[in-house]
Amino acid sequence: MLRNLWTVLALTFVAATFVAVGCGPSGDDDDSGPDPAGSPVITDLSPGPGDSDFFYQSDLWVEWNIAPEGATYALSMGGTAVAGTTATKSSGRVLTFTPDAALDPAASYSSTVSWNSPDSPLTFDFQTGAYGNSLITENDLLNKTFNLDLANAEFVEPPGVGPILQSQIGDVAILFSVTDDSNFSANELHILGAVGTSEGGTVSQDLCGQTLGFTYGPDGALGGGDDVPASWNNPVMEMGPTNLSLNFQGIEATIQDLNITGTFHPDLTDMRGGTFSGRIDTRPLAPELDPEGGEGAICDLVVETVGVKCEECGGDNPGVFCLSIVAENVNADRVAETGVEPRACEDIIADAATCPDEAAVFDPAADLSYTDCPAWSATGDDDDSAGDDDDSAGDDDDSAGDDDDSASQ
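Within any chain, residue numbers begin from 1 and follow the written order of that chain's sequence. Note on the predicted model: pLDDT of at least 70 is required for a residue's local features to be given, and 80 or more for side-chain atom pairs to be given and counted; whole-chain, interface and lining totals, by contrast, use all residues. By convention in this description, side-chain values take in all heavy atoms of the structure and omit both hydrogens and water.

Undergrad: I'd like a description of the overall build of the protein, backed by residues and values.
TA: Scanning the protein from terminus to terminus reveals ten helices and 21 strands. For the protein, the share of sequence-separated contacts (at least 6 apart) that also reach a separation of at least 24 residues comes to 64%. Numbering of helices and strands runs from the N terminus, with a helix taken as a DSSP run of H or I at least four residues long and a strand as a DSSP run of E at least two residues long. By the convention used here, residues are in contact when the closest approach between their heavy atoms is within 4.5 Å.

Encoded structure:
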């Protein structure tokens, strides 16, 4: 199974292009719906009457079975109108209302929807949830693990990828923690990430994979002059844009302009209303799709099938080989009371008996020299210290690397 998130996302995008070509638009045309002579009937809406946990930063919307005429959406709080902008989509069947400012948390509102129907107007009350209220003790956010739920997020770009991603991502968990390196007084957070699995409701970190120093810069270490801390405006986190280099079982990839945002519940049960976006350089992933197609295999396929061109990657490795992914309404449940465990290459090599394939990636000469992990080579351990069950047990303390050194890897 592809355990690298961005490999999954890139290959999922390619799969989505075939779906788009073969299936056409997902929305229904007016001529395939009910008789236009009938009155439009509301089929769905958010928030709904009596909702008590509406997210304070969400758009409000109503959907009809056929496009209504003269539809309006009015929102008020305590009898005072709330300013906002309305728009239509899905051939006029959906009306959205976007408030000019975020709604107040834990507050009561009243909506009035009007349209050309004997059932009009529809007036109802709802309440926003606690999201948006500040954390009372900010330090409580430290060293708790959250799982980004990309499988159920709303993918804005590329369109139509959501259902395919959900089927492809399977039991992969995308974990992150706010670390002790954070400085709440300076409104700065440091984030450590990891890939894991989610099976039967139990989420666990993959200890055979390196952790991801989302905010620690290219050198993966705190204080190297290249850190990109996330901004903190209690209770909102905004991480990025930053570039993140990944190495998974010999496949190297770079996420450019990575952004992750979200609002934490004041009880820290979860994070809601988040976004996840970035650009992936498809060149390292192209052999996964077509070993003989060259570094442009993914981009060539995308432009041939749906006319979507790859973007310029820029930076130190320019070229028109990047694809963008944008997800909204990203939630993240708290899944552990402890933070992500830092794992660097030297830790994985020290556990070579448990992680043989992952450790072998750092040993291109296959001679137990592990030259692709300088931190391991610098320890001066002999070749028998990794992967030899009889000799390695006593060397773990020296070869695994100090926690302080690996925490930001």
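Now, onward.
Undergrad: A description of the sheet that holds strand S4 (residues 80-81) should follow, citing residues and the corresponding values.
TA: By this definition, two strands are paired if DSSP reports at least two bridges between them. Sheet architecture is open: four strands sit in the order S4-S3-S7-S8, paired in antiparallel fashion. This sheet does not close on itself; its edge strands, each paired only once, are S4 and strand S8 (122-127). In this sheet, strand S7 (residues 108-114) lies alongside strand S3 (residues 72-77) in antiparallel orientation, the contact comprising five bridges. Residue pairing in the sheet places Ser 76 in a bridge with Ser 110 of S7.

Undergrad: A description of the pairing of strand S2 (residues 60-64) should follow, citing residues and the corresponding values.
TA: Exposure classes here rest on a 1.4 Å probe applied to the protein chains alone. A residue is buried below 20% of its type maximum, exposed above 50%, and partly exposed in between. A one-sided burial pattern is seen for S2, the buried positions being Leu 60, Val 62 and Trp 64 and the unburied ones Trp 61 and Glu 63. Summarising the sheet, strand S1 (residues 42-46) and S2 pair through four bridges and their orientation is antiparallel. For Ile 42, the partnering residue across the bridge sits in S2 and is Trp 64. Pairing between S2 and strand S6 (residues 94-99): four bridges, direction antiparallel. For Val 62, the partnering residue across the bridge sits in S6 and is Leu 95.

Undergrad: Which residues make up the nonpolar core, and what are the values?
TA: Inside soluble globular proteins, nonpolar side chains tend to come together where they are buried. Residues Leu 141, Leu 148, Phe 176, Leu 189, Ile 191, Met 237 and Phe 264 are the most contacted members of the largest nonpolar core, which totals 45 residues. At the level of secondary structure, the elements contributing two or more residues to this core comprise strand S9 (145-149), strand S11 (172-178), strand S16 (230-233), strand S17 (236-248), strand S18 (251-264), strand S19 (270-281), helix H4 (297-306) and strand S21 (320-336). The element contributing the most residues to this core is S21, with seven residues. One finds Val 62, Leu 95, Phe 97 and Tyr 131 within the second-largest nonpolar core, a separate group that totals 19 residues. Take the buried Ala, Val, Leu, Ile, Met, Phe, Trp, Tyr and Cys residues and link them wherever side-chain atoms come within 4.5 Å; each set so joined is a nonpolar core.

Undergrad: I'd like a rundown of the sheet that holds strand S5 (residues 84-89), residues and numbers included.
TA: The pairing of strands in a sheet happens through backbone hydrogen bonds and is either parallel or antiparallel. Across the sheet, four strands lie side by side as S1-S2-S6-S5; this open sheet has antiparallel pairing. Lying at the two open borders of the sheet, with one neighbouring strand each, are S1 and S5. Taking the axes of each pair of neighbouring strands and ignoring which way they run, one obtains an average angle of 15° across the sheet. In this description, a line fitted to the C-alpha atoms serves as the axis of each element, helices being fitted only across the stretch in contact, and the angle between N-to-C directions of two axes falls anywhere from 0 to 180 degrees.

Undergrad: I'd like a description of the environment of Glu 337, backed by residues and values.
TA: As for its position among the elements, Glu 337 is in the loop between S21 and helix H5 (345-350). If we ignore the near neighbours within four places in the chain, the residues touching Glu 337 are Asn 143 and Lys 144.

Undergrad: Please give an account of the pattern of salt bridges that cites residues and values.
TA: For this analysis, a salt bridge means a side-chain nitrogen from Lys or Arg found within 4 Å of a carboxyl oxygen belonging to Asp or Glu. Across all of its chains, the model carries eight salt bridges by this definition. Glu 63 is the salt-bridge partner of Arg 93, the closest N and O atoms lying 3.1 Å from each other. Within this pair, whereas Arg 93 is found in the loop between S5 and S6, its partner Glu 63 is found in strand S2, the two being separated by 30 residues in sequence. The residue Arg 343 makes a salt bridge to Glu 341 at a minimum N-O spacing of 4.0 Å. Among the residues examined, Arg 343 registers a relative accessible area of 6% and is labelled buried. It is possible to trace a salt-bridge network through shared partners that takes in Asp 257, Arg 279 and Glu 311.

Without other data, these values stay purely geometric and don't point to any function.
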